Amino acid sequence: MKTKTPKVAPVLPLNEILAGDCIEVMNSLPEGSVDLIFADPPYNLQLRGDLHRPDNSKVDAVDDAWDQFDSFKVYDSFTTQWLKAARRILKPNGAIWVIGSYHNIFRVGASLQNEGYWILNDVVWRKSNPMPNFRGKRLTNAHETMIWATKTEGAKYTFNYEALKALNEGIQMRSDWVLPICNGGERLKDDNGDKAHPTQKPESLLHRILVGCTNPGDVVLDPFFGTGTTGAVAKMLGRDYIGIEREDKYRVVAEKRLSRVRKYDKDALAVSTSKRAEPRVPFGQLVERGMLRPGEELVSLNGRHKAKVRADGTLVGNDIKGSIHQVGAHLEGAPSCNGWTYWTYKRDGQQVPIDLLRQQIRAELN
């Protein structure tokens, strides 16, 4: 029997929910067209009967057909197929996030490596309000695990380090995230008042991932779209999304949800960036533009040293000539010096850091 090659869509269907099997749909999309994939696949929970609370009330657990597989072998085959399809549509520098529980995440991790992905981090989502273990026979399942991986080893993936640091009050973001599960007003309900989806993820989780690993205008695909958390956060943050969902009831909820979402304004979408990511400005450009004049005197921030600006953008001070960095290092007897933060110039009787002039040029470039 010949395998039928799916017809590839000529145009990427941005900001749409595509109906159907995720493997077939991904195989129909153009190769190398997606920046980031967030995947929340079936966990294969292997439930054996109903789960009840101490008061004998039934827990609304995941017992849907889409989470049931005949064996680990069948689940592994499914995982390999969707990961292969996902890798094909990722851009060379694209990345993937996959979330799971102890039931499946280790099997998914092995499949990721087998398919050629390069794992960057595993991130523990520690739930601040987990569901208790009602039977009292195991530890409370208080976390889920996410794997962050690139398409290939050495790929230049997007990582907005400074933005995540800013989200974390100026401290480097760790690989354990304490966030609440989806509840309250965020939890979507169906017409009967029941949960619209048993495993709806909180928007805070996707917000952190998309701020940290994508930029405005990037394409984010979710092959297990559910009620559309990925699409809702992507839309708010100015990213394009593609959702794939085979269940009609979830697509209806997601469409309604997305119709209410509004994109943040341009200024609100800007995030903190590292200085290395900003446009490079040679010191000589300040001289060329007349912001500083040849012969003008610069004074060190500590007030101990002076140097004069030369026409070619170098400095001369005492017995040393060179760049703003070289002269500063020599005068301080230090192995290195950041001249931008070391030197000041005089304006209106005040000593002003020369870095303000660099920032002025950068603002114009941006």
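Per an unreviewed UniProt entry, the protein goes by Methyltransferase and derives from Aquimixticola soesokkakensis. Taken directly from UniProt, the Sequence similarities (unreviewed entry) text for the protein runs: "Belongs to the N(4)/N(6)-methyltransferase family." Listed under Catalytic activity (unreviewed entry) in UniProt, the entry text for the protein is "a 2'-deoxyadenosine in DNA + S-adenosyl-L-methionine = an N(6)-methyl-2'-deoxyadenosine in DNA + S-adenosyl-L-homocysteine + H(+)".

### Some thoughts on the sheet that holds strand β6 (residues 176-179)
Reading across the sheet, the eight strands line up as β1-β8-β7-β2-β3-β5-β4-β6 and stay open at both edges, with mixed pairing between neighbours. At either margin of the open sheet sits one strand with a lone partner, and together these are β1 (16-19) and β6. Here the average twist between neighbouring strands, direction ignored, is 20°. Bridge count between strand β3 (residues 90-100) and strand β5 (residues 143-150): six bridges; the pairing is antiparallel. Opposite V98, over in β5, you have I147 as the bridge partner. In the packing of helix α3 (residues 105-114) onto the sheet, contacts are made with β3, β4 (118-127) and β5, and the angle to β3 comes to roughly 165°.

### A closer look at helix α6 (residues 229-236)
Most of α6 is tucked away: seven of the eight residues are buried. Turning to α6, its buried residues number three or more, namely T229, T230, G231, A232, V233, A234 and M236. Among the residues trailing α6, G238 stands out with phi positive, at a value near 75°.

### Describing the pattern of salt bridges
This structure, assessed with the given rule, holds 13 salt bridges. Put simply, K84 and E115 hold a salt bridge, and the shortest N to O gap is 3.0 Å. Here E115 lies in the loop between α3 and β4 and K84 lies in helix α2 (residues 72-89), a separation of 31 residues in the sequence. The exposure class of E115 is buried, given its relative accessible area of 18%. For the salt bridge of E247 with R246, the shortest nitrogen-to-oxygen distance reads 3.4 Å.

### Re helix α5 (residues 203-213)
Across the eleven residues of α5, eight count as buried, placing the element largely inside the fold. Where α5 is concerned, the buried positions are L205, L206, R208, I209, L210, V211, G212 and C213.

### A short note on the sheet that holds strand β14 (residues 350-353)
Overall, antiparallel pairing links the six strands, which are arranged β12-β11-β10-β9-β13-β14 in an open sheet. This sheet does not close on itself; its edge strands, each paired only once, are β12 (320-322) and β14. Along the sheet, successive strands turn relative to each other by an average axial angle of 35°, direction set aside. Judged from the four bridges that link them, strand β13 (residues 343-347) and β14 form a sheet pairing that is antiparallel. Bridging from a neighbouring strand, K346 pairs with Q351 of β14.

How each quantity is defined
- Residues numbered from 1 in each chain as written.
- Predicted model: local features only at pLDDT ≥ 70, side-chain atom pairs only at ≥ 80, totals over all residues.
- Heavy atoms only, no water.
- UniProt positions renumbered as here; feature names shortened; annotations may be inferred.
- Pairing = 2+ DSSP bridges.
- Helix = DSSP H or I, 4+ residues; strand = E, 2+ residues; numbered from the N terminus.
- Axes fitted to C-alpha atoms, helices over the stretch in contact; angles between N-to-C directions.
- Contact = heavy atoms within 4.5 Å.
- Buried < 20%, exposed > 50% of the residue type's maximum accessible area, 1.4 Å probe, protein only.
- Salt bridge = Lys/Arg side-chain N within 4 Å of Asp/Glu carboxyl O.

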